[in-house]
There are 2 protein chains.
Amino acid sequence: MNKQIILTQRPVGMPKEETWNLQSSEVPACPEGHVLIQNHYISLDPAMRGWMNNTKSYIPPVEIGDVMRAGTIGKVVESKHPKYQIGDVVSGWGGVQQYSLTSGQGYYKVDTSLAPMPTYIGTLGMPGMTAYFGILEVGKIKEGDTVLISGAAGAVGSVAGQIAKIKGCKVIGIAGGPEKCKYLIDELGFDGAIDYKNESVIRKIKEHAPKGIDVYFDNVGGDILDAALARIRMNARIVICGAISQYNNTTAIQGPSNYLSLLVNRGTMQGMVVMDYAKDYGKAAMEMGGWMMQGKLKSREDIYEGIENFYPTFQRLFTGEKKGKLVLKVI
Amino acid sequence: MNKQIILTQRPVGMPKEETWNLQSSEVPACPEGHVLIQNHYISLDPAMRGWMNNTKSYIPPVEIGDVMRAGTIGKVVESKHPKYQIGDVVSGWGGVQQYSLTSGQGYYKVDTSLAPMPTYIGTLGMPGMTAYFGILEVGKIKEGDTVLISGAAGAVGSVAGQIAKIKGCKVIGIAGGPEKCKYLIDELGFDGAIDYKNESVIRKIKEHAPKGIDVYFDNVGGDILDAALARIRMNARIVICGAISQYNNTTAIQGPSNYLSLLVNRGTMQGMVVMDYAKDYGKAAMEMGGWMMQGKLKSREDIYEGIENFYPTFQRLFTGEKKGKLVLKVI
């Protein structure tokens, strides 16, 4: 049988247990030109919250009654597709379920002799790609820049910050709690860390970056985006990658009151969606894989088990109770 | 005697009559290396409101007791400076007063055989330069773009819109009242006009630009910025030139709630300050002067008289009761 997480209602605010339903259905037969994949790991990402809203966005919403959309990695168990063999490890958009049937669109093979499966949905998957293209192409970091990153202990932020370090920047991370901050400094080599749950973000930015910041990589929005705007330098670049603080709002999104700092400082605020860079994923994965082998880029996954634990695991995205990339093992 | 408008207190919200004081002082003697200018026209601009706040910005604030800062145009009446002769017409930062003494810094000579004095503090002055560099360098307009402009009947917006027309764009202007909207269409050749005082801006943008907008040139901020953000196309550019709706706020600036549209649409929001383009003013003035002579670029000034009428004239910036560039004749 194939256990699946089905979207049963559109959440208002923070999703609840009844937002989804766990159902079992027959493992589908594999028609010609298709491949059946047994999913091993499901990627849990803040973006999933946005996909549940019935609004125009960069991809269509998940429909009520559909399997919840998610990135996955797993093994081909049946193939009627010339490109895939049984045993191939593939990553794609399999959804929160134990088996996926696909014509191969959006899937690609990975080599688990180089990195373990969860890394391919983390640092070498969408979050890592988001960090790579966001900080390099949109943030346009250069040696000597002072770079501020929110959600810095998360799957995207931790990679963005490490890439900035590799490129010779001074990097300050914002994260929740002393343990995550210690991780940023001791493990990832950040130059400074700000605990937004216990410290004044705006004051601490000033302390760590007395001359202001050149690049701000934003994963959170809200008050932290405003604090960053208040401390940008001339010609600063702000990368709008996400706004996790706002995703479960039941009222209007909090717009950045300090946006006129863009005028005073001739700053640029630019949004990004990782899918635009798909043609360069291979090159990026190669470069990041090289950094990982040299020990310059560290990857950390926080792996939970059992598809029936999808809901409490999903909640950790928003409570912050996780260490690194959040992954659910479903086999 | 030299009549001067002196800043006497920092306004909270909309400036009041007692924010300034009209005083008379002796016309200063002209020391070596200096030039004495009799100011003919004072430029009244929304940016003046920002210069009165005691906050870090792109230039230092006007201090209490100082002559109110303003752009001016006038004639040299005494010169102990090798570069200037009596009778030269010069534009610069003379302030709201009848005579200015200067070493020449920030001043430049203009040729009134080509355009009348008020045009040199309007379309061929700071507002025109702001429009020129804002729409071309920051907005990066190209033929076929759909361009939306707020404050479109004002000194900056009217020029930005006309330049976009010259460059082959479809141009929609937002202005207050049917008369200004008629002016945009009938006189300036805009493709569409939205009367924000009597129409739903967001609905009208959709009507005029069913496929969305490529460039938004923002002079106003607030709800209109949010409406524009809701209707941007992929890779849109938003030029943050000003935010007149917010300048007299006594509470926090209204940040754009729809800023995540930048993410969905991979948009860019960039701030600008005209002074950064000073080295290219000459080239821009030449090109704009050419367009004016060909009848492609129209200039309209709304001229009031008497330095003692500074306050009621200044108010028109914010009530919108003006037709084109607001100018005060002080001689």
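Model, not experiment: these values are computed from the prediction.

A. Layout of the pairing of strand β14 (residues 301–305) of chain A. Residue and element names in this part refer to chain A. As defined by bridge partners, β14 adjoins strand β15 (residues 325–329) across five bridges and the pair is classed as parallel. Opposite Asp 302, over in β15, you have Leu 326 as the bridge partner. In this view, the connection linking β14 to its parallel neighbour β15 by way of helix α10 (residues 310–319) has right-handed handedness.

B. Representation of the interface of chain B and chain A in the model. Taken together, the contact between chain B and chain A spans 25 residues of the former and 24 residues of the latter. Only α8 (261–264) and β13 (268–271) of chain B provide two or more residues apiece to the side of chain B that touches chain A. Tallying contributions element by element places β13(B) first for the side of chain B that touches chain A, with four residues. For the side of chain B that touches chain A, the residue count by class is 14 nonpolar, nine polar and two charged. As judged from the three bridges shared by strand β13 (residues 268–271) of chain A and β13(B), these two strands associate in the antiparallel manner. The residue of β13(B) that forms the bridge with Met269(A) is Met269(B).

C. Looking closely at the nonpolar core. Formed by 184 residues in total, the largest nonpolar core has its most connected members in Val147(A), Ile213(A), Ala228(A), Val147(B), Ile213(B) and Ala228(B). Setting aside anything within four residues of it in sequence, one finds Val147(A) in contact with Ile141(A), Ala164(A), Cys169(A), Lys170(A), Val171(A), Ile213(A), Asp214(A), Val215(A) and Phe217(A).

D. How the structure looks around the relation of the copies chain B and chain A. With an RMSD of 0.0 Å, the operation that places chain B on chain A is a rotation of 180° combined with a shift of 0.0 Å along the axis. Taken together, the rotation and translation relating the two chain copies correspond to the operation of a two-fold axis. If distances are taken from each C-alpha of chain B to the rotation axis, the shortest is found for Gly255(B), at 2.1 Å. By residue overlap, the copies meet face to face through one surface: 96% of the interface positions of chain B are interface positions in chain A.

E. Region of the structure containing the packing of helix α6 (residues 201–208) of chain B against helix α7 (residues 222–229) of chain B. All names here are of chain B. Two elements in contact, α6 and α7, have axes whose closest approach is 9 Å; the angle formed by their N-to-C orientations is 35°. You can see that α6 and α7 cross each other, and the crossing is right-handed. Residues Val 201, Ile 202 and Ile 205 of α6 form the contact with α7, whose own contacting residues are Ile 224, Ala 227 and Ala 228. For the contact of α6 with α7, the class distribution of residues is six nonpolar, no polar and no charged.

Calculation rules
Residues numbered from 1 in each chain as written. Chains lettered and ligands numbered in written order. Predicted model: local features only at pLDDT ≥ 70, side-chain atom pairs only at ≥ 80, totals over all residues. Pairing = 2+ DSSP bridges. Helix = DSSP H or I, 4+ residues; strand = E, 2+ residues; numbered from the N terminus. Right-handed = clockwise from strand over helix to strand, strands pointing away. Contact = placed C-beta atoms within 7 Å. Nonpolar A, V, L, I, M, F, W, Y, C, P; charged D, E, K, R; others polar. Core = buried A, V, L, I, M, F, W, Y, C linked by C-beta atoms within 7 Å. Buried ≥ 20, exposed ≤ 12 C-beta atoms within 10 Å, placed from the backbone. Least-squares fit on C-alpha atoms with pLDDT ≥ 70 in both. Axes fitted to C-alpha atoms, helices over the stretch in contact; angles between N-to-C directions. Left-handed = near helix turned anticlockwise from the far one by under 90°.

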